[in-house]
Structures are given as C-alpha cells and as structure tokens.
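Secondary and tertiary structure notes
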Amino acid sequence: MRAPDHPDDAEPSAPRAGRTVAGRSQGVTLLGATGSIGASSLDVMARHPGRFHAVALTAQSKVGPLVELCVRFRPQFAVIGDPALEGELARGLAAAGLPTRARSGAAALAEVAADPAADVVIAAIVGAAGLLPTLAAARAGKRLLLANKEAIVCAGSLLMEAVAASGAQLLPVDSEHNAIHQCLAGAGQQQRRVRRLVLTASGGPFRQRDDLSQVTPEEAVAHPNWVMGRKISVDSATLMNKGLEVIEASWLFGFAPELIDVVIHPQSVIHSMVEFGDGSVVAQLGTPDMRTPIAYCLGFPERIDSGSARLDFLALKALTFEAPDRSRFPCLQLAYDCLARGPAASIALNAANEIAVEAFLAGRLPFAGIPATIEATLARAAAAAPADVDAVLALDAAARRLAAQELAARTR
C-alpha cells in the first residue's frame, strides 16, 4: 500500500458520473449525525424532503441530541457508538413514541452503512473510528460522501480498492477536495493534462500570531471562517488538517505529494484550484459554508439548493495568498513526509495527532506539544505495509500506545 506516484502528464482519477434513483426518495445513512457535518447534511436533506429520507442516524455518545434528530427525521435505525448507552437510547426513542430501532457498537455502525435501504452514506464520524463503517459502505457499493478524512489517510489503498471492486461512487465532502472534484469534473478529457493541485487553507486563528506558547483550547477552536467541531478546529489551527488533506488528495485524485501544493488564503473564498498543462488555473469559489459541498455531493451531477448565501463579489475587498509557515506549523511538513514514507507512517501520524489533540483540549498538553508528540511517535512507529484492515487497526493501536507514552513523558 503506497500513495500513487503519477508524473505531470498522468491521468488522475476521473470524477465518476452520477447515479440517480428514478421515481423514489433516496435513503441516506448519516454516520456522525450530531456533529457539524451531520447538522449541515440534515439541513440540506430537509430542503429536499421528497428527494431524501433518513435510513439511519448515528452518534458516538450524544443520546439526547440523537433522539431529537430521530423525532424530526424518523430513521429506521439509530446507532450509538458506545454500547453502554444503547439502553438509554432505546428508552429515549420509546418515550418519543418512535418506531426507530436502537443499536450500538462498531458492528452496528458497519451494518447500517451497508444496509440495502441506504442509497447514500455520509461518512462524517471524526477520527479513525470512522474507518470500518466507511469501508463497509464502499464494499456495499454505496454512493459514499466522504467527510471522514482519517479513513482514507489510514487506509487509502483499501478504500480505493473497495470502491473500484464494488462500483461504489466516492464523492469528497471536504470543501477543498470537493472543489478539486468540481474543477476536474468540468475539465472533461483535459484532466489528463493536470499539472498540479492547489489546496487552499485559511491559515487558522494563529496565522499572524508569533508566540504560540500560551495558546488555549478556547482560542484554538475559534476558527475565523468555518463552523467546525473542536477536534478539526484544532487541526486547522496546527495546519494538520491541511496535511491530512494533502494525503487524502493524493489517494482521491492519484497525485504524488510533489504535485500537490498548499497556499494560505485567509478569506476562504477560493476553496481549491487545479492548474493545467497550458498554464490555465481553474478554481472553485463560494461562501465558507459546508452545505455547498454537501449539496453538490447529494445531487451530483445535478446542482441542488444548499441554503448557503450567495457570494457577493462587490463586497470582497481582496483575495490574498501566502505560503504556509512550516517552521511555526510543522504538522504540515510532517504530513508531506509521511505521505512520501508510506501508509504506515500516515496511520501513525493520524493516531498520534488524535491522542495529542485530545490531550491539548483537556488541558494536559500545550499547543506546541501537539507536533512534538507526533514527531516523537513517528520516530518510533513501525514501517510495515498493512495488507488488510486488521493490519491497519493494529498499526493504529500501536501508534496510539506510543503516543500515549510520549504524552505521559511530557506531562510528568
């Protein structure tokens, strides 16, 4: 398992034509319904009640919010990731008078992801926990809307092989990869002449802050442009989110790391760009609203209403760009290095980052300790090439143990 290594004139992975379910509403399973992507997805679905309906909604531990969503969207299944909470979920559904069935645990998440009633699966579980249900949806041939970047970072080869074998349709929800998909979809046969992909980054809340030694969790989660969950907001602040997106872009579109650039674009209006062999650059623009890429994926190839505000060009004072500072934000360079080293390094990168971010949010690790913990973990992590999902999970678990040891050493 290694990332693709295409030369300049290679043909990247083509956006696939959309499939429609003629004459009936499409069933949607939403993995991670109580998060920010889940909220945006349900908002788009609610705007098209005759076109989409919920088959299953899932959450990790938020029983009350999950029940509230079930009252509104009335899915067949509600799945809570923590098995200890299944009874509480069942009682909440019963008290609300719902026929929705309560289920729990990793196996249940994978089963609802592969359920024949679901035409579409939105994979929005944060972290490596989303790997198994995402793979289950791919193997079942679903239209898979990928918002869980960790699944492809940790198991890119397995996921892409599953998509190809089953005939699944993989559409990226991340605004940057969604923008690349839109640019390539409009390129037709000329996409084989792509010179490079350019991922844009807002720069996060600390782009112009020199001293990062006293950063608090509250400051780190206060993203200047996007409304996101706490973990991904910290990843944006460290630029790890952009590093993971570089790895994801390599697997999704078939480009080696040297053909994927990152530029800081503080206004978050241009979501990403594609440069072609003739020097032309195609960009996708829009307001910073995750409902736009979600609606694109749900309706593809048709454009459907997202509810997002129109982009007011007259109100734009400037569109600016700058190079990312990889010395102040070393997580971006760590991600590039791991992509070049191979899948095991990417697995360790993601695992160590999850452990470090969790510790930072809990007040047990300083902001600068996040990349330091990751780098120390990578120096000790195994270099084996995982051949199956069990091997991926084993490498993930081993890297988490190493990261926990590094964390313990730093916080004594």
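Note that this is a predicted model, so its numbers are computed, not measured. (Residues numbered from 1 in each chain as written. Predicted model: local features only at pLDDT ≥ 70, side-chain atom pairs only at ≥ 80, totals over all residues. Heavy atoms only, no water.)

**Considering the overall build of the protein**
- Counting secondary structure elements, the protein contains 15 helices and 11 strands.
- For a compact globule of 412 residues, the expected C-alpha radius of gyration is about 22 Å, and the protein comes in at 20 Å, within 12% of that figure.
- C-alpha extents for the protein along the principal axes are approximately 55 × 55 × 45 Å.
- Here the protein holds 412 residues, and the buried ones make up 57% of them.
- Total accessible area on the protein is roughly 16500 Å²; 52% of this is exposed by carbon and sulfur atoms. (Helix = DSSP H or I, 4+ residues; strand = E, 2+ residues; numbered from the N terminus. Rg over C-alpha atoms; globule rule 2.2 N^0.38 Å. Buried < 20%, exposed > 50% of the residue type's maximum accessible area, 1.4 Å probe, protein only. Areas by Shrake-Rupley, 256 points an atom, 1.4 Å probe, with all protein chains shown as cover.)

**Re the pairing of strand E6 (residues 143-146)**
- Where burial is concerned, the two faces of E6 agree: the one with Arg143 and Leu145 and the one with Leu144 and Leu146 are both buried.
- Note: strand E5 (residues 120-123) against E6, 4 bridges, orientation parallel. In the sheet register, valine 120 faces E6, and the bridge partner there is arginine 143.
- The handedness of the E5 to E6 crossover, carried by helix H5 (residues 131-139), is right-handed.
- With 4 bridges joining them, E6 and strand E7 (residues 169-172) adopt parallel strand pairing. (Pairing = 2+ DSSP bridges. Right-handed = clockwise from strand over helix to strand, strands pointing away.)

**Digging into the confidence of the model for the protein**
- Scored by pLDDT, the protein comes out at a mean of 91, with 92% of its residues at no less than 70.
- Contacts from residues 1-20, a stretch scored under 50 in pLDDT, to residues over four places away or in other chains number 64 contacts. (pLDDT = per-residue confidence, 0-100. Contact = heavy atoms within 4.5 Å.)

**Regarding the sheet that holds strand E1 (residues 26-31)**
- Within the open sheet, the 7 strands sit side by side as E4-E3-E2-E1-E5-E6-E7. Their pairing is parallel. Lying at the two open borders of the sheet, with one neighbouring strand each, are strand E4 (101-104) and E7. Direction aside, the axes of adjacent strands within the sheet are offset by 20° on average.
- Of the strand pairs in this sheet, strand E2 (residues 52-59) and strand E3 (residues 77-80) are connected by 4 bridges, and their pairing is parallel. Directly across from threonine 58, in E3, lies its bridge partner valine 79.
- Lying over the sheet, H5 contacts E1, E5 and E6, oriented at roughly 150° with respect to E6.
- Along the sheet, helix H11 (residues 291-299) makes contact with E2, E5, E6 and E7, crossing E6 at roughly 170°. (Axes fitted to C-alpha atoms, helices over the stretch in contact; angles between N-to-C directions.)

**Thoughts on the pattern of salt bridges**
- Using the criterion set out here, one finds 19 salt bridges in the structure.
- Put simply, glutamate 275 and arginine 196 hold a salt bridge, and the shortest N to O gap is 2.3 Å. Here glutamate 275 is found in strand E10 (residues 270-276), whereas its partner arginine 196 is found in strand E8 (residues 194-201), with 79 residues between them in sequence.
- A network of salt bridges, in which partner residues are shared, links Asp43, Arg47, Asp289 and Arg291. (Salt bridge = Lys/Arg side-chain N within 4 Å of Asp/Glu carboxyl O.)

**A few points about the pairing of E10**
- Of all the 7 residues making up E10, 7 are buried; the element is thus mostly covered by neighbouring parts of the structure.
- Bridge count for E8 against E10 is 5 bridges, and the pairing is antiparallel. Across the sheet, residue leucine 199 finds its bridge partner in E10, namely serine 272.
- Taken together, the 5 bridges between E10 and strand E11 (residues 281-285) define a ladder with antiparallel strand orientation. Directly across from valine 274, in E11, lies its bridge partner valine 282.
- Between the end of E10 and the start of E11, which pair antiparallel, lie 4 residues, with glycine 279 showing a positive phi angle near 95°.

**With respect to the nonpolar core**
- Among the nonpolar cores identified, the biggest contains 91 residues, and Leu349, Phe367, Ile370 and Ile374 are the most heavily contacted of them.
- At 12 residues, helix H13 (residues 343-361) tops the list of elements feeding residues into this core.
- Excluding residues within four positions of it along the chain, isoleucine 370 makes contact with Val234, Thr238, Asn353, Ala356, Val357, Phe360 and Leu365.
- One finds Leu42, Leu66, Val67 and Ile294 within the second-largest nonpolar core, a separate group that totals 39 residues. (Core = buried A, V, L, I, M, F, W, Y, C linked by side-chain atoms within 4.5 Å.)

**A look at the side chain of serine 306**
- Mapped onto the elements of the fold, serine 306 is located in the loop between H11 and helix H12 (331-341).
- A polar side-chain atom of serine 306 sits 2.8 Å from a polar atom in the side chain of serine 308.
- Dropping the residues within four chain positions of it, serine 306 is found in contact with Asp43, Val44, Arg47, Arg291, Thr292 and Ala295. (Polar contact = N/O pair within 3.5 Å; in protein donor to acceptor, adjacent residues only side chain to side chain.)

**Re a nonpolar patch on the surface**
- There is a patch of nonpolar side chains on the surface, built from Leu285, Phe313, Leu319 and Phe321 and spanning about 370 Å² of accessible area.
- Secondary-structure assignment places leucine 319 in the loop between H11 and H12.
- A residue is classified by how much of its surface remains accessible, and leucine 319, at 34% relative accessible area, is partly exposed. (Patch = residues over 30% accessible without salt bridge, like charges linked within 9 Å, V, L, I, M, F, W, Y side chains within 5 Å.)

**Focus: the environment of proline 99**
- Mapping proline 99 onto the fold places it in the loop between helix H3 (86-95) and E4.
- Separated by 43 residues in sequence, proline 99 and alanine 56 place their C-alpha atoms 12 Å apart.

**Focus: the sheet that holds E8**
- The mixed open sheet is built from 4 strands, whose spatial order is E9-E8-E10-E11. The open sheet has two edge strands with one neighbour each: strand E9 (260-264) and E11. Taking each pair of neighbouring strands and ignoring which way they run, the sheet shows an average axis angle of 20°.
- Pairing geometry for E8 and E9, over 5 bridges, is parallel. Within E9, the residue paired with alanine 201 across the bridge is isoleucine 264.
- Across the sheet, helix H10 (residues 240-253) lies against E8 and E9, angled at about 150° from E8, the strand it touches most.

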